Amino acid sequence: MRVVIAEDLALLRDGLTRILDAYGFKVVEAVADGPSVLPALTRHRPDVAVLDVRLPPTFTDEGLQAALAARAQMPGLPILVLSQHVEQLYARELLADKAGGVGYLLKDRVSNVGQFIDAVQRVAGGGMVMDPEVVSQLLARNAGPDRLGELTAREREVLGLMAEGRSNAAIAGRLFVTEKAVSKHINNIFSKLGMPPSEDDNRRVLAVLAYLNG
């Protein structure tokens, strides 16, 4: 599985490369600044990109903007964004086009190699990964008098785990319930959020977007 890395800190960039190489990934290029990201992605068209949000020269959102530009040119390109802090706007922007694997992970998670590798694999496979810290901060917010406010405590818990990128089976294991029960909760969530049945998986992403915007 081919990977492009964008990280300005040399030690972390080297560390990410070594970790990914050790787990069977092939890092085809590792860049250190924003202007280098899009050319690297279009040149290699990797199976997944691991990008820092804030890159030189301005250290604002170069990594994110490069990711969005790359996905505009290569729809569905799997992107795992790394960030130093919880920044909910970036999470929402990543999910906005609802195409391909996306992930938002705090850099602290890289120290947990198993968790990091799992996130890369899930994003590369077309899944969605949201950092648990982002989710926990969102859970602490008041949903207000919108449709999210109609969800039960258990449904919000299930939606929070969906936002972390958990499968139905993983949610069932975490909550000590059956997959059938999880499926019922998710259908209730879709119904309360006004999302009719469809043939694709967009409802899951749309539900998480509603959650992030709540």
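Predicted, not measured: the structure shown is a model, and the values here were computed from it.

A. Spotlight on unusual backbone geometry. Going from P56 to P57, the amide bond is cis rather than trans, its omega being 10°. Looking at the secondary structure, you find P57 in the loop between β3 (48-52) and α3 (62-73). In this model, F59 sits at a positive phi of 55°, which is unusual for a non-glycine residue. Within the fold, F59 resides in the loop between β3 and α3. In this model, F176 sits at a positive phi of 60°, which is unusual for a non-glycine residue. Tracing the backbone through its elements, the reader meets F176 in the loop between α8 (168-175) and α9 (179-192).

B. Quick peek at the pattern of salt bridges. Inspection of every chain in the model, using the stated rule, returns eight salt bridges. For K107, the salt bridge identified is with D52, shortest N-O distance 2.8 Å. You can see K107 sitting in the loop between β5 (102-106) and α5 (113-124) and its partner D52 sitting in strand β3, a full 55 residues away along the chain. K107 sits in the buried class, given a relative accessible area of 13%.

Conventions and cut-offs
Residues numbered from 1 in each chain as written. Predicted model: local features only at pLDDT ≥ 70, side-chain atom pairs only at ≥ 80, totals over all residues. Heavy atoms only, no water. Helix = DSSP H or I, 4+ residues; strand = E, 2+ residues; numbered from the N terminus. Salt bridge = Lys/Arg side-chain N within 4 Å of Asp/Glu carboxyl O. Buried < 20%, exposed > 50% of the residue type's maximum accessible area, 1.4 Å probe, protein only.

In short, shape yes, function no, at least from these values alone.
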